[in-house]
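Below are the chains, spelled out letter by letter.
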Amino acid sequence: MCPRCGAKTLFAAPAGLAEECASCGLDFLTLERGGRFVGVLTMLLALVLIFAALGVDEWLRPPLWASLAFWAPVTVGTVIGALRLYKTIWIYHSYQGSEE
Ligand SMILES: [Zn+2]
């Protein structure tokens, strides 16, 4: 959701921000600048998931197809969800900062 007008224009792709609000023209790219730590957090999250996957593999020894069928969507879903969450929080944080 756009922090200024509340329209659902924040994301142009599942995990990609739109360049600006299609409704009120608020510039999301400028607000996002400085939020690059998001990429680092996502990498860390992916690493944690990979180690979790390896741990479960050692523990249950499931067939490879079962591991892939389970972990591929879990990893993609978690990373996309986390990216959206971080970016939304960051945009709102930047927007409040820029209004003062
Ligand atoms: Zn807007």
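Residues numbered from 1 in each chain as written. Predicted model: local features only at pLDDT ≥ 70, side-chain atom pairs only at ≥ 80, totals over all residues. Heavy atoms only, no water.

**With respect to the coordination of the zinc ion**
- Coordination of the zinc ion by the protein involves Cys2 (SG), Cys5 (SG), Cys21 (SG) and Cys24 (SG), with metal-donor separations of 2.2 to 2.3 Å.
- In this structure, the zinc ion is surrounded by 4 donor atoms whose angles at the metal cover 107 to 113 degrees, and the resulting shape is tetrahedral.
- Mapped onto the sequence, the donors of the zinc ion take the spacing C-x2-C-x15-C-x2-C.
- Of the residues examined, Cys21 reaches a relative accessible area of 1% and is grouped as buried.
- Of the residues examined, Cys24 reaches a relative accessible area of 28% and is grouped as partly exposed. (Donors = N, O, S within 2.8 Å, 3.2 Å for Na, K, Ca; no water. Tetrahedral: all angles 85-135°; square planar, octahedral: opposite > 155°, others 65-115°. Buried < 20%, exposed > 50% of the residue type's maximum accessible area, 1.4 Å probe, protein only.)

**Looking at the packing of aromatic side chains**
- Inspection of every chain in the model, using the stated rule, returns 1 aromatic pair.
- Relative to Trp71, the ring of Phe70 lies with its centre 5.0 Å away and its plane at 85 degrees, an arrangement referred to as edge-to-face.
- Take Phe70: its relative accessible area is 49%, and that puts it in the partly exposed class.
- Using a relative accessible area of 16% as the deciding quantity, one classes Trp71 as buried.
- In this structure, Arg84 is placed above the aromatic ring of Phe11, and the distance from its NZ or CZ to the ring centre is 4.1 Å. (Phe/Tyr/Trp six-rings, centres within 6.5 Å; stacked < 30°, edge-to-face > 60°. Lys NZ or Arg CZ within 6 Å of the ring centre and 35° of its normal.)

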